Amino acid sequence: MHGVEPIAGAPAALPPQARFTGVTPARLAVHVYGWLLLLPAAVLLITFTHYPAIATLVDSFYSTPRGRRAAVFVGLDNYQAMLADPVFWRALQNNIIYAASVIPLTVVLALAMAVLINGNIKGRALLRLSFFTPTVLPMIAVANVWLFFYSPGYGLFDQLFGLFGTTTHNWLGDRHTALACLIAVAVWKDAGFFMIFYLAALQQISPQLAEAAAIEGASRWYVFRRITFPLLMPTTLFVLVNAIINSFRLVDHIVVMTEGGPDNTTALLLFYIYEVGFKFWDTAYAATLTVVLLVLLAFLALGQFLLFDRKIHYQ
Amino acid sequence: MRDATMKWLAALIGAVMMVLTPAAATSAAANDIELSFYYPIAVGGPIPKIIDGYVADFEKENPGIKIKAIYAGTYQDTLTKALTAFKSGEPPDIAILLSTDMFTLIDEDAIAPFDDLLKTDADKAWAKSFFPAFMENSQTGGKTWGIPFQRSTIVMFWNKDAFKEAGLDPDKAPDTWDELVADGGKLTKRDASGNVSQWGVEIPSTGFPYWLFQGLTTANNVRLMNEAGTATYFDKPGVVEALQYWVDLSRKYQIQPQGTIEWGTTPKDFFERKTAIMWTSTGNLTNVRNNAKFPFGVAMLPAHQGRGSPTGGGNFYLFKKMTDAERAAAFKFVIWMTSPERAADWGIATGYVAVRPDAWDTPTMKKYVADFPAAAVARDQLKYAVAELSTHDNQRVTKVLNDGLQAALTGTKTPQQAMQDAQQEATRLLKPYQ
Amino acid sequence: MSAMQKIRGADIALEAAAAWLLALIWILPLAYAVWAAIHPSEYSAHFAPDAPLTVANFVKAWNAAPFARYFLNTFILVTMILVVQLVLCTLAAYAFARFSFAGRDIAFILVLLQLMIMPDVLIVENYRTMTALGLVDTIPAIGLPYMASAFGIFLLRQTFKTVPHELDEAARIEGAGPLQVLLKVYVPLAKPVYIAYGLVSVSYHWNNFLWPLIVTNSVGTRPLTVGLQIFASSDQGIDWSVITAATLITSAPLLVAFLLFQRQFVQSFMHAGIR
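Residues numbered from 1 in each chain as written. Chains lettered and ligands numbered in written order. Predicted model: local features only at pLDDT ≥ 70, side-chain atom pairs only at ≥ 80, totals over all residues.

Enquirer: Lay out the overall build of chain A in plain terms, naming residues and giving numbers.
Expert: Each helix and strand in chain A was counted, giving 13 helices and 0 strands. Secondary structure elements of chain A, listed N to C terminal, follow the sequence α-α-α-α-α-α-α-α-α-α-α-α-α. Counting all 315 residues of chain A, 45% fall into the buried class. The contacts in chain A between residues at least 6 apart in sequence include a share of 70% that link residues at least 24 apart. (Helix = DSSP H or I, 4+ residues; strand = E, 2+ residues; numbered from the N terminus. Buried ≥ 20, exposed ≤ 12 C-beta atoms within 10 Å, placed from the backbone. Contact = placed C-beta atoms within 7 Å.)

Enquirer: Which residues make up the environment of Asn95(A), and what are the values?
Expert: Residue and element names in this part refer to chain A. Structurally, Asn95 can be placed in helix α3 (residues 86–118). Of the residues examined, Asn95 has 21 C-beta atoms within 10 Å and is grouped as buried. Sequence separation between Asn95 and Ala29 is 66 residues; the distance between their C-alpha atoms is 49 Å. Asn95 has contacts with Phe248, Leu268 and Leu269, leaving out every residue within four places of it along the chain.

Enquirer: Run through the domain arrangement of chain C, naming residues and quoting values.
Expert: Residue and element names in this part refer to chain C. Split by domain assignment, chain C resolves into domain 1 (3–58) and domain 2 (60–271). Breaking the side of domain 1 that touches domain 2 down by element, the ones donating at least two residues are α1 (3–38) and α2 (56–64). Considering every element that reaches the side of domain 1 that touches domain 2, the biggest residue donor is α1, with 4 residues. (Domains from an automatic or database assignment.)

Enquirer: Any chance you could break down the interface of chain A and chain C for me, citing the residues and the numbers?
Expert: The partner chain C presents 80 residues to the 86 residues of chain A that form the contact. Examining the composition of the side of chain A that touches chain C, we find that 19 residues originate from one element, helix α1 (residues 24–59) of chain A, more than from any other. Residue composition of the side of chain A that touches chain C, by class: 63 nonpolar, 18 polar and 5 charged. (Nonpolar A, V, L, I, M, F, W, Y, C, P; charged D, E, K, R; others polar.)

Enquirer: Residues and numbers for the nonpolar core, please.
Expert: Within the largest apolar cluster, 176 residues are counted, with the highest numbers of intra-cluster contacts made by Ala110(A), Met195(A) and Ala92(C). Tallying contributions element by element places helix α7 (residues 178–204) of chain A first for this core, with 19 residues. Each of domain 1 (3–58) and domain 2 (60–271) of chain C accounts for three or more of the residues forming this core. Those residues in contact with Met195(A) that lie beyond four places of it in its chain are Ala110(A), Met113(A), Ala114(A), Phe131(A) and Phe132(A). Membership of the second largest hydrophobic core comes to 125 residues, among which are Ala72(B), Ala242(B), Ile348(B) and Val400(B). (Core = buried A, V, L, I, M, F, W, Y, C linked by C-beta atoms within 7 Å.)

Enquirer: Please set out helix α5 (residues 123–133) of chain C residue by residue, giving values where relevant.
Expert: Those residues of α5(C) that fall on the buried side of the exposure criterion are Ile123(C), Val124(C), Glu125(C), Asn126(C), Tyr127(C), Arg128(C) and Met130(C). Directly beyond the C-terminal end of α5(C), a positive phi value near 70° is found at Gly134(C).

Enquirer: Account for the packing of helix α10 (residues 237–251) of chain B against helix α18 (residues 394–409) of chain B, naming residues and giving values.
Expert: A pair of packed helices can be characterised by two numbers: the angle between their axes and the separation between those axes. All names here are of chain B. Here α10 crosses α18 at 40°, and the two axes come no closer than 9 Å. Here α10 is positioned oblique relative to α18, judged by the angle of their axes. The chirality of how α10 crosses α18 is right-handed. Listed contacts from α18 to Leu243, Trp246, Val247 and Ser250 of α10 are Leu405, Ala408 and Leu409. Class assignment for the residues of the contact of α10 with α18 results in 6 nonpolar, 1 polar and no charged. (Axes fitted to C-alpha atoms, helices over the stretch in contact; angles between N-to-C directions. Parallel < 35°, antiparallel > 145°, perpendicular 65-115°, else oblique. Left-handed = near helix turned anticlockwise from the far one by under 90°.)

Enquirer: Can you tell me about the environment of Pro29(C), naming the residues and giving the values?
Expert: Along the chain, Pro29(C) falls in helix α1. You can call Pro29(C) buried: it has 26 C-beta atoms within 10 Å. Ignoring sequence-local partners within four residues, the contact set of Pro29(C) consists of Val142(A), Val145(A) and Trp146(A).

Enquirer: Can you break down α10(B) residue by residue, with the values?
Expert: Taking 1.5 Å per residue as the helical rise, α10(B) with its 15 residues ought to reach 21 Å, and the 20 Å between its terminal C-alpha atoms agrees with that figure. Val239(B), Val240(B), Ala242(B), Leu243(B), Tyr245(B), Trp246(B), Val247(B), Leu249(B) and Ser250(B) are the residues of α10(B) that are buried. (Expected span 1.5 Å × (residues − 1).)

Quick look at the structure:
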C-alpha cells in the first residue's frame, strides 16, 4: 500500500530535524503528544487484538473449564489431540485448497473485468454495476439464493443444464463438488470489489505508454504483460492481501449452505473454530485451533511481503 | 453548518442512548417476579404469536409474575444463546431446549432438576402424566431434568396422486422395508437418459442425520446409546445393517438421490413432486397441509425387525441461580403450559404431538383427530417410540455419528467402516464421563 | 476496412460479448432474488413468463421478523463504528505521521499486525473479554473490536505524510496547537480518503455476520445479517419467495446507495490514489 499520490505542486519534504524541534520541554511534548494521540486506538488494539492473540496461545495450554471443573494446565495435550483429529486435518486441507482456488480466480477475474471495462465498450456503467453488486449484498443473504441455484432437480443450475440434457446433480450434497460450489460463491462475491481497485489503478496509467508501444508494433498482450501488469503490482499486492484475509475470514456461506458437510468436506478452519468454541463449548481446543490459524496467517503475511517487496514498481 | 452538525450529533447520541439503556418492555411493578423464557424459534410468524398469547393468558391468571419470551432461532441457536447468557452472568430462567441437550446442560451445571419442586401428591402425579416415550430423554440418574412440551416423532408422508399414477393403492403406504423398496421402485420415474424426475423416497441427511437414522435403527430393534448417556453402540451389527439399508436405497435400489439430502429443501421437494415419499418431523404437518397441492397421507415409519421412531423436540428446563420464589413461579408456568387443554391446543396449532395422553381425550382434540386422522399417526407411533440419541458431550458425539452417516451416504466409507470409526471416536469422547 | 482493422474489430466484438456474458452471470443471483420475491411461491422454481406479480412476500417477510428494529440496530452500529474509527484513526495516524516519539516504529508495526490478526479470527477470546466486561448482547460489543482499524490508521498515515510541511508550519506560526493544525490542515486535505474509507467500512460492517451472531442474543441488538439468518433457518423448511423478499429488504439500502452514488464510489477510490 505504498505510493499514495502526493498532492500536486508540493515541494520536497523538509529534513526531519525541522519538525517540532527546539528546547527540551518541546521535545518532551512531542513524545507525550505522540503517545496521547495514539492512546485511544492503542487501548482498543491491545484489548481486542494483541491481548486476545496472546490469551489464545496461553489458553491452548489449559483444559476447558466446564461447570464445576476449573481449567488445568495440560501442556501440549490440546495440540496432540488436534494432530490426531481427522476433522482438523480435513479443515486445514479444505482451507488451503479453498484459498488456493479462490485467490487466483478472484484476482484474475477482477483484473479481466477491469481491463474489459476500461476499454472502449458500450454500457460500461451497467457492466460495472453488475460486477460490483455482489459486494454490497450481505453474504448471508446471497448464500440462500445460491442454495436454490444448487438445489438438485428444480434448482436453477439443474434446470439450465437440463436444457442441455444432463442429469440432475446433488451439487452441495456430493463431496466432490461441494467445496467447488462454495469456491464459486466466494469468487462471485469478491471479484467485483477488487475490480474497482484495478479500475482505479488502470485509469492512472498514462495511455501514452500503450500508444507508444503500439506504434513500435507491440501486440496488446505484450503491452499488457510488460507494461500494464507490472505497473499494477501495488494494486495486485493490496488485492492479494485482502483476498487472502477473506479466504480465511469469510465463512458465512458455509453456515447457510452446508454447515461444513457433507462429512466435513466443506469445513474451513474458522468454521471449525466456531463449531468447537460455540457449539461444543470446548474453548481450549478452539484456542488451539485459533493458534494454528494465526500462525498460518502470519506465515502468509511474511511470505507475501518477502515475495512482493522486490517486484513492486513505482512511478 | 456547525449548528446542524451539533443537532445531528445530539440526535444520534439520543438514539444511541435509547438503544443502549435496557428497555422496560412491560410496566412491571416493583415486586413482580420477572422470568426470562427462551423459546427456540425465529421471531415473527405464527408460532411466536401463539406463545405470546399463552404468556399473556398466564400473566392474566397469575398477577405478580411476568414472563419475558425471548425468541432465539433454531434449537441449536437457542442452546447457544441460553448457554452464553448463562456463562456471561445473565442466566435465563426457563428455556425450551432439545430433550437431548439434557446431559450438556447438566455438565455445564446450568439446570436444576424438578424433583425438589414435586412436593404434593398432585405434583408427583402430574410429573407421571406424560407419555413415557417422551420421558426417556427427560430423566437420568433417577431425577427429572426436563418436562416435555413440544415433542415429535418422524413420520412418513406420501403423495397419493403419485401412488395412483404408479399403479399403487393410494391409501396404503409401504409398511415394511421391503415394501418401501418395492413401492419406491415403481414410483421412481426415470427417462431414457437416466435423468430422474421423481424419486421414490427421500430421507434427509443434513443437519441431524442421526435422528432420521434412528428411524431405521429402531425398526431394526437396536439402540444407539445407554440410558446414562455414557456409552454408544454405533458399531453393533444391527446398526450397520440399518445404515447399509439407507445407503442401498440410493446405490443399490436407486430410489433415493445419491449424496446427502438437504433437510430444509425436502418438504419443497415433496411439494414439487420431486419425491413421492418423504420422511420428516410430524412438526411439518401443518406446513404440508398448507402447501401440498395433492392428496397426501401420513404413516408410521416402515417396520423391519421391529417398529418405531425416535422422539424429538423440546422440553422445559429450569435454570439454576433462581430464588425460591422465582423457581416456584417458573414451576407454575411449566404446569400451566403443559395442562391437557393447553397441550391439546398447542398440538393442534403446530402439529407437534400433544405430550400427555389426557390431552388427546379433550373434546377439541377428539374433534380435530376426527377431521384430520393424520394428526393421530404420530401419537399412535409413540407406543413404539424410543429415546433420541443423547449422551454427555452430546454435540460432539452426535457430530461424530453425523459425519459417519454422511461418509457412508456419499460413498466415502463403507457402512461398516463409517460406524466403526464413529464408535471409536465416540468412545474416546465419552471416556471422561465413565 | 483493412484486414488488420477487421481482426481488431472482431477482437473487440469478442471482448464485448465476453464482458456481457460475464456480467449476465454475475447479476444472475440478484435477478433470481427479484424474480422469486415478486412472484408467489409456486413460481419460485418455475420461470413461467406469465406468472402473476405479488407484494405478498415482502409483506410476509416484513411481518415475520422485526426488520425495522434490525435496521435501526444496524444503522446505529455502522454509524457508531465509523465515527469512532474516523476519530481514533485520525489521531493515531497524525501521531505516526508527524510526531517522532519514542517507540514509534515498533508501535506502528504492532498496529499493522492487526491487518493479519483480524478480530474475526479472535472470536473465542474476544467473546470472553466481552463477558468479563459485561458487554455481551450490546451494540457497542459488536463494534469495539473493530473501532481501532489498522487499515484506517495506515491509510491516513500515508495521506498525512504527503501534506506539505509548509502548510503545517504556516498554521503553527498563526498560533495553532497541534490538534488545531490537524483539524484545519490535515483533515480537509484527506477528505477523499475519508470518503473511500467510510464506504468500505460501512459496507463491511453492514454485512458482517459471524461476530455479531456470537455476541448478540436479542432483538434489541441484532443487526440485519443475524436477523436474516435466524429468520431463514427454520426447522420447517425453506420458502424461497419469502427469504428472497427478506434478502432484498435487508440489502436494499446499500444497493440503492450504490446505485445512486456509483460514480462517487469509484471516483473516491481513484482520488485516494490507492494503487
